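Overview (structure and organization)
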Amino acid sequence: MSTSILALAHNWAFAIFFVGAIALCSFMLAAGHFLGSRAKARTKHVPYESGIDSVGSARLRMSAKFYLVAMFFVVFDVEAMFLYAWAVAVREVGWLGFIEATIFILVLLAGLFYLVRVGALDWTPVRSRRAVKGPSEIIKISNRHPQ
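The name recorded for the chain in an unreviewed UniProt entry is NADH-quinone oxidoreductase subunit A, from Providencia sneebia DSM 19967. For the chain, the Sequence similarities (unreviewed entry) comment in UniProt is given as "Belongs to the complex I subunit 3 family." Turning to the chain, the UniProt annotation filed under Catalytic activity (unreviewed entry) states: "a quinone + NADH + 5 H(+)(in) = a quinol + NAD(+) + 4 H(+)(out)".

1. Concerning the overall build of the chain
Looking only at helices and strands, the chain features three helices and two strands. Sequence-ordered secondary structure for the chain, helices as α and strands as β, is α-β-β-α-α. For the chain, the proportion of its 147 residues judged to be buried stands at 2%. When the accessible surface of the chain is summed, it comes to about 14300 Å², and 68% of that surface belongs to carbon and sulfur atoms.

2. Regarding the packing of aromatic side chains
Enumeration over the complete set of coordinates arrives at four aromatic pairs. Between Phe14 and Phe18 the ring centres are 6.3 Å apart and the planes differ by 25°, which places this aromatic pair in the stacked class. Of the two residues, Phe14 and Phe18 both sit in helix α1 (residues 3–35), four residues apart, roughly one turn of that helix. Ring centres 5.6 Å apart and planes at 85° place the aromatic pair Trp95 and Phe98 in the edge-to-face group. Of this pair, Trp95 and Phe98 both sit in helix α3 (residues 90–118), three residues apart, roughly one helical turn. Taken together, the aromatic side chains of Trp86, Trp95 and Phe98 make up a single cluster linked through ring pairs.

3. Observations regarding the UniProt feature "transmembrane region" (unreviewed entry) in the chain
Here, the residues flagged by UniProt with the feature "transmembrane region" (unreviewed entry) are residues 12–35, 66–87 and 93–120. Between the end C-alpha atoms of residues 12–35 there is a gap of 34 Å, over a span that is 100% helix and 0% strand. Segment residues 93–120 splits into 93% helix and 0% strand. End C-alpha atoms: 36 Å apart.

4. Quick notes on the confidence of the model for the chain
The predicted model of the chain has a mean per-residue pLDDT of 78, with 78% of residues at 70 or higher. Scored below 50 in pLDDT, residues 140–145 shows zero contacts in the model against residues more than four places distant or in partner chains.

5. Digging into the side chain of Glu79
The topology assignment puts Glu79 in helix α2 (residues 64–88). One buried charged residue, Glu79, forms no salt bridge at all, with the nearest opposite charge on Arg117 at 21 Å. With residues near it in sequence (within four places) discarded, Glu79 still touches Phe104, Ile105 and Leu108.

6. Thoughts on the packing of α2 against α3
Between α2 and α3, the least distance of the axes is 9 Å, while the angle of their chain directions is 165°. What the angle tells us is that α2 and α3 run roughly antiparallel. Crossing handedness for the pair α2 and α3: left-handed. Mapping the contact onto sequence places Phe72, Val75, Phe76, Glu79, Phe82, Leu83, Trp86, Ala87 and Val88 in α2 and Val90, Glu92, Val93, Gly97, Phe98, Ala101, Phe104, Ile105, Leu108, Leu112 and Leu115 in α3. Classifying every residue of the contact of α2 with α3 by side-chain character gives 17 nonpolar, one polar and two charged.

Calculation rules
Residues numbered from 1 in each chain as written. Predicted model: local features only at pLDDT ≥ 70, side-chain atom pairs only at ≥ 80, totals over all residues. Heavy atoms only, no water. UniProt positions renumbered as here; feature names shortened; annotations may be inferred. Helix = DSSP H or I, 4+ residues; strand = E, 2+ residues; numbered from the N terminus. Buried < 20%, exposed > 50% of the residue type's maximum accessible area, 1.4 Å probe, protein only. Areas by Shrake-Rupley, 256 points an atom, 1.4 Å probe, with all protein chains shown as cover. Phe/Tyr/Trp six-rings, centres within 6.5 Å; stacked < 30°, edge-to-face > 60°. pLDDT = per-residue confidence, 0-100. Contact = heavy atoms within 4.5 Å. Lys, Arg positive; Asp, Glu negative; His and termini not counted. Salt bridge = Lys/Arg side-chain N within 4 Å of Asp/Glu carboxyl O. Axes fitted to C-alpha atoms, helices over the stretch in contact; angles between N-to-C directions. Parallel < 35°, antiparallel > 145°, perpendicular 65-115°, else oblique. Left-handed = near helix turned anticlockwise from the far one by under 90°. Nonpolar A, V, L, I, M, F, W, Y, C, P; charged D, E, K, R; others polar.

Written out as C-alpha cells, the structure is:
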C-alpha cells in the first residue's frame, strides 16, 4: 500500500471514532432527557447534599487563615512536583540540574523566611498574644484565691 492510502486510512479511522463519540454522547443526553422524571415542586429547587438540608446562606465569610493554608499547600505541592521530576531525572541532568534544584529550593526558603519575618504566618490575633519572658524574668504564679 502506498503512503497516501495509509494516511487516508488513519484519517478515516479518526473520523469514524470522532463521529461515534459524538453520536454516543448525543444518544446519552437524549435518553436522559426523554427517560428522566419531570416532577415540578418547590423542594425540587432546594440544594440537598449528603442527606443534610441546607440551612442559612451559602455566602459564608471564610477566615484568611483558610486561604493562607490553601496557598501554602499549592506552593509546596508544586515544589514537591518539580523536585520529584528532578529526582527521577537526576542522572540525566547532572550537576547543572542539581545546582538549578538548589537555587529553586533556596528561592522558596527565602520566600518562607520573608513571610515569617513580616509576620504573615502569625495567625494569633494581636489582643491574645502574650509577651514571652526570658529565664531571668520568670514570674511565679500563685493561687490568688485563698480557700
